[in-house]
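The residues making up each chain are set out below.
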Amino acid sequence: MKNGKDLLHRVRQCVEASPLRMTRKRERLLETLVSVDRPIPAAELRDRAGLPAGDLVTVYRTLEAFEGIGILQRIPLEDSGHLFELTEPNDHHHHFVCRECHKTERLDLCLADNLSKQARKLGFTQVTHLMEVYGLCPDCRE
Ligand SMILES: [Zn+2]
Ligand SMILES: [Zn+2]
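Residues numbered from 1 in each chain as written. Chains lettered and ligands numbered in written order. Predicted model: local features only at pLDDT ≥ 70, side-chain atom pairs only at ≥ 80, totals over all residues.

**A short note on the overall build of the protein**
Filter applied, for reference: Helix numbering and strand numbering both begin at the N terminus, where a helix is a DSSP run of H or I of at least 4 residues and a strand a DSSP run of E of at least 2. Note on method: radius of gyration uses C-alpha positions; expected globular size equals 2.2 Å times residues raised to 0.38. Whether two residues are in contact is decided by their C-beta atoms, placed from the backbone, lying within 7 Å.
On a plain count of helices and strands, the protein comes out with five helices and five strands. Its helices and strands in sequence order give the protein the pattern α-α-α-α-β-β-β-β-α-β, from N to C terminus. Relative to its length of 142 residues, the protein is compact, with a C-alpha radius of gyration of 16 Å against a globular reference of 14 Å. Taken along the three principal axes of its C-alpha coordinates, the protein extends 45 × 45 × 30 Å. Of the contacts formed within the protein by residues at least 6 apart in sequence, a portion of 48% connects residues at least 24 apart.

**Concerning the nonpolar core**
It is characteristic of soluble globular proteins that their nonpolar side chains tend to be buried jointly. Quick note on the threshold: Note on terminology: a nonpolar core is any set of buried Ala, Val, Leu, Ile, Met, Phe, Trp, Tyr and Cys residues joined through C-beta atoms within 7 Å. Here exposure depends only on C-beta density: within 10 Å of a residue's C-beta, 20 or more other C-beta atoms make it buried, 12 or fewer make it exposed, and intermediate numbers make it partly exposed, the C-beta atoms being placed from the backbone.
Core analysis: the biggest nonpolar cluster contains 17 residues, and Leu-29 and Leu-45 have the highest contact counts within it. The set of elements that each furnish at least two residues to this core consists of α1 (4–16), α2 (24–36), α4 (56–68), β1 (72–76) and β2 (82–86). When residues no more than four places from it in sequence are discounted, the contact partners of Leu-29 are Leu-45, Ala-49, Val-59 and Thr-62.

**Some remarks on the confidence of the model for the protein**
Defined as follows: Every residue gets a pLDDT, meaning the predictor's confidence in that residue, from 0 to 100.
When the pLDDT values of the protein are averaged, the result is 94; 98% of them are 70 or greater. By mean pLDDT, α1 is the weakest element of the protein at 92, and helix α3 (residues 42–48) is the strongest at 98.

**Notes on the environment of Val-36**
Residue placement: Val-36 occurs in helix α2. Sequence spacing of Val-36 and Leu-56 is 20 residues, and the spatial spacing of their C-alpha atoms is 18 Å.

**Digging into the environment of Phe-66**
Here Phe-66 is to be found in helix α4. Owing to 25 C-beta atoms within 10 Å, Phe-66 belongs among the buried residues under this scheme. Other than its neighbours up to four places away in sequence, Phe-66 contacts Ile-71 and Leu-72.

**Details of the sheet that holds strand β4 (residues 104–107)**
What counts, and what does not: One bridge is not enough; two strands pair if DSSP finds at least two bridges between them. In this analysis an axis means a line fitted to C-alpha atoms, helices contributing only their contacting stretch, and an angle means the value between N-to-C directions, from 0 to 180 degrees.
Spatially, β4-β3-β5 is the arrangement adopted by the three strands of the open sheet, whose pairing is mixed. Both edges of this open sheet fall to β4 and β5 (132–135), since each of them pairs with a single strand only. Sheet twist, expressed as the mean angle between neighbouring strand axes with direction ignored, is 25°. Both strand β3 (residues 94–98) and β5 contribute to a ladder of four bridges, which runs parallel. Across the sheet, the residue bridging to Phe-96 is Val-133, located in β5.

Here's what the structure looks like:
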């Protein structure tokens, strides 16, 4: 994976500059997210980080905390649940998501500039947006 070390360094700095306390579990989850380098569900993250089954709530709280300081993005699935992806601080991506195997590909497209211009015109502030595209990947097509 390219730039994994740098990304880990930058997201760590972001955590240190925030009111979040860095615990061993959080550190482990952060490192796992960087090494996996793709959006994954919370339970898979817990398993890959080697945390016990009972830690799922801790994992969700940690993900929420990371999301709150802008280093993590939540990708809603079509049916229910989410995938979680570590991002550069305050960055985000859009994705193609396979509705069968939940494999994702990054979409090279973001309408943020256009949207914030329109939002400003309408007097909206604190604007965020979501756009994920769902379909079947080549492996699941048949
Ligand atoms: Zn698939
Ligand atoms: Zn966007």
